[in-house]
Amino acid sequence: MTIMMTRRGALGLAAGAAGLAFGGARARAAQTVRIGLATKTWWPSVIADTAVKQGFFSQAGLEAELTVYRSGGEAFEALAAGATDMINGLVPQIATGRKRGVDGRIVALAADANTGWKLLVKQGSPLKNVADIAGKKVGITAAGSLSDFMALWTRAHYKIDFTSVPLGGGGLVPNLLSGNVDAAVVYSPLSFQVLQAKQGVALLDYATAIPPHLAVSWSTTDAIIKKDPAMVRAALKALYRAVDYMQKNREQAIKIIADVNGITEPVAAQEYEETFLKLSTDGKFTLDQTKVAWDLAKIGGFKDMVPPEEIVTFDFTPVSLGA
């Protein structure tokens, strides 16, 4: 197999959002599945990269093209524009998107909690609890992203107001530590890295603050489901085989997490224990889990969403890992 790297420049919505392709192994299959990832240092990118490097896509008869965007919002824009085939979709993204004519649909559960996501302030900050961020600047990756959802939920749940500042995934921690924002909604393993280095303090742990729900999914479009359901099944099989591999091979998994994210093994170990071991192993989910996520989105301020039952299909789960 040869290594495939692609780089995308700034494209309009019709051509897809800007992004940097994640390196992947080229399978010998003629068919390519394009997977859009929200940011490099979030666990879905590690899972997808592992699926490539372990040959799981190739064994499923696919060639995987992995593209990392600057946020989940940009990945969703790429899906809407037809520039990618599958993303980590969120319930509010898919539900509001369908109101705007984007035919996104959730096909599998990836995680039922926002593990590793923290509301952080830098060490020594005068802000000591969530109420203290009222009127302050809070960093998020981008509008429409998972960090935006959690910021909106925080605003509604704690009945406070603050300014959300889009910084991209790579800008969250630098802007927090430099004082350009007062707090930031930070995902793992970056959150673990900041906390282990004693550079920041967590005011809120979203994994426990928000009840279990369809937190992160694998999503595609109705058009792709209709045209090629076999490709969707094959892609899901490869991705969940990677989850299975990571969960059953602790030492290798920690090294992979450390290498892909450029972090120390102690941080990678925490990411493994608190995130990777809690990922869904078969993608199975329920309409009730979707409804909880939908209700949370509504509480967070999302409007114009289609009903939960219109954004899911259960035809692809549980995902089979067999031959």
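Calculation rules
- Residues numbered from 1 in each chain as written.
- Predicted model: local features only at pLDDT ≥ 70, side-chain atom pairs only at ≥ 80, totals over all residues.
- Heavy atoms only, no water.
- Helix = DSSP H or I, 4+ residues; strand = E, 2+ residues; numbered from the N terminus.
- Rg over C-alpha atoms; globule rule 2.2 N^0.38 Å.
- Buried < 20%, exposed > 50% of the residue type's maximum accessible area, 1.4 Å probe, protein only.
- Contact = heavy atoms within 4.5 Å.
- Areas by Shrake-Rupley, 256 points an atom, 1.4 Å probe, with all protein chains shown as cover.
- Lys, Arg positive; Asp, Glu negative; His and termini not counted.
- Charge placed at Lys NZ, Arg CZ, Asp CG, Glu CD.
- Salt bridge = Lys/Arg side-chain N within 4 Å of Asp/Glu carboxyl O.
- Axes fitted to C-alpha atoms, helices over the stretch in contact; angles between N-to-C directions.
- Parallel < 35°, antiparallel > 145°, perpendicular 65-115°, else oblique.
- Left-handed = near helix turned anticlockwise from the far one by under 90°.
- Core = buried A, V, L, I, M, F, W, Y, C linked by side-chain atoms within 4.5 Å.
- Phe/Tyr/Trp six-rings, centres within 6.5 Å; stacked < 30°, edge-to-face > 60°.
- Pairing = 2+ DSSP bridges.

Asker: Whenever I open this one, the overall build of the chain confuses me. Can you help?
Answerer: For the chain, the count of helices and strands is 13 helices and 14 strands. Against the compact-globule benchmark of 20 Å for 323 residues, the chain has a radius of gyration of 19 Å, which places it among compact chains. Along the first, second and third principal axes, the C-alpha set of the chain runs to 55 × 45 × 35 Å. Counting the 323 residues in the chain, one finds 58% classified as buried. Considering only contacts in the chain between residues 6 or more positions apart, those separated by 24 or more positions represent 78%. Of the roughly 13000 Å² that the chain leaves accessible, carbon and sulfur atoms contribute 52%. For the chain, the centre of its 33 positive side-chain charges and the centre of its 29 negative side-chain charges are spaced 2 Å apart.

Asker: Whenever I open this one, the pattern of salt bridges confuses me. Can you help?
Answerer: Oppositely charged side chains can form a pair if their charged atoms are brought close together. All told, the structure shown has 10 salt bridges when counted by the stated rule. Linked by salt bridges that have partners in common, Arg98, Arg105 and Asp222 make up one network.

Asker: How do you make sense of the side chain of Ser191 when you look at a structure like this?
Answerer: Inspection of the secondary structure puts Ser191 in helix 7 (residues 190-196). Residues in contact with Ser191, not counting those within four places in the same chain, are Gly116, Lys118, Leu120 and Val186.

Asker: Help me out: how do you make sense of the packing of helix 3 (residues 72-81) against helix 4 (residues 91-99) in this one?
Answerer: Each pair of packed helices can be summarised by the angle the axes make with each other and by the distance between the axes. Where helix 3 contacts helix 4, the axes come no closer than 11 Å and their chain directions differ by 40°. Put simply, helix 3 runs oblique to helix 4. Here the hand of the crossing between helix 3 and helix 4 comes out right-handed. Contact residues: helix 3 offers Gly72, Gly73 and Phe76, while helix 4 offers Gln93, Ile94 and Gly97.

Asker: Even after reading the chapter, I still don't get the nonpolar core, so can you show me in this structure?
Answerer: Nonpolar side chains tend toward joint burial in soluble globular proteins. With 113 residues, the main nonpolar core has Phe57, Leu119, Trp218 and Leu236 as its most contacted residues. For this core, the element with the most residues is helix 10 (residues 229-248), which contributes 12 residues. Aside from chain neighbours lying at most four places away, what touches Leu119 is Val130, Ile133, Val138, Ala183, Ala184, Val185, Val201, Ala202, Leu203, Leu204 and Tyr206.

Asker: Help me understand the packing of aromatic side chains in this model?
Answerer: Two aromatic rings are characterised by how far apart their centres lie and by the angle between their planes. With the rule as written, the count across this model stands at eight aromatic pairs. Geometrically, the ring pair formed by Trp117 and Tyr187 is tilted, given 5.5 Å between the ring centres and 55° between the ring planes. With Trp117 in the loop between strand 8 (104-111) and strand 9 (118-122) and Tyr187 in the loop between strand 12 (183-186) and helix 7, this pair connects stretches of sequence that are 70 residues apart. Of the residues examined, Trp117 reaches a relative accessible area of 4% and is grouped as buried.

Asker: Explain unusual backbone geometry to me, please; I cannot follow it from the model alone.
Answerer: Phi is mostly negative for residues that are not glycine, and the peptide bonds are mostly trans. That bond from Ser188 to Pro189 is cis: its omega, 5°, falls within 30 degrees of zero. Residue position: Pro189 is located in the loop between strand 12 and helix 7. For Lys159, which is not glycine, the phi dihedral falls at a positive 55°. Relative to the helices and strands, Lys159 is located in the loop between helix 5 (146-157) and strand 11 (163-166). At Lys198, a position not held by glycine, the phi torsion is positive, near 55°.

Asker: Explain the packing of helix 10 against helix 11 (residues 250-261) to me, please; I cannot follow it from the model alone.
Answerer: Viewed as axis vectors pointing N to C, helix 10 and helix 11 meet at an angle of 115°, and their least axial separation amounts to 5 Å. Of the possible angle classes, the one that applies to helix 10 and helix 11 is roughly perpendicular. Across the interface between the two elements, Tyr245, Met246 and Lys248 of helix 10 pack against Arg250, Gln252, Ala253, Ile256 and Ile257 of helix 11.

Asker: Help me out: how do you make sense of the sheet that holds strand 9 in this one?
Answerer: Spatially, five strands are ordered 11-10-12-9-13 in an open sheet, and the strand pairing comes out mixed. Each of the sheet's edge strands pairs with one partner strand only, and the pair in question is strand 11 and strand 13 (200-205). Taking each pair of neighbouring strands and ignoring which way they run, the sheet shows an average axis angle of 30°. Here strand 9 pairs with strand 12 via three bridges, running antiparallel. Bridge assignment links Leu119 to a residue of strand 12, and that residue is Val185.

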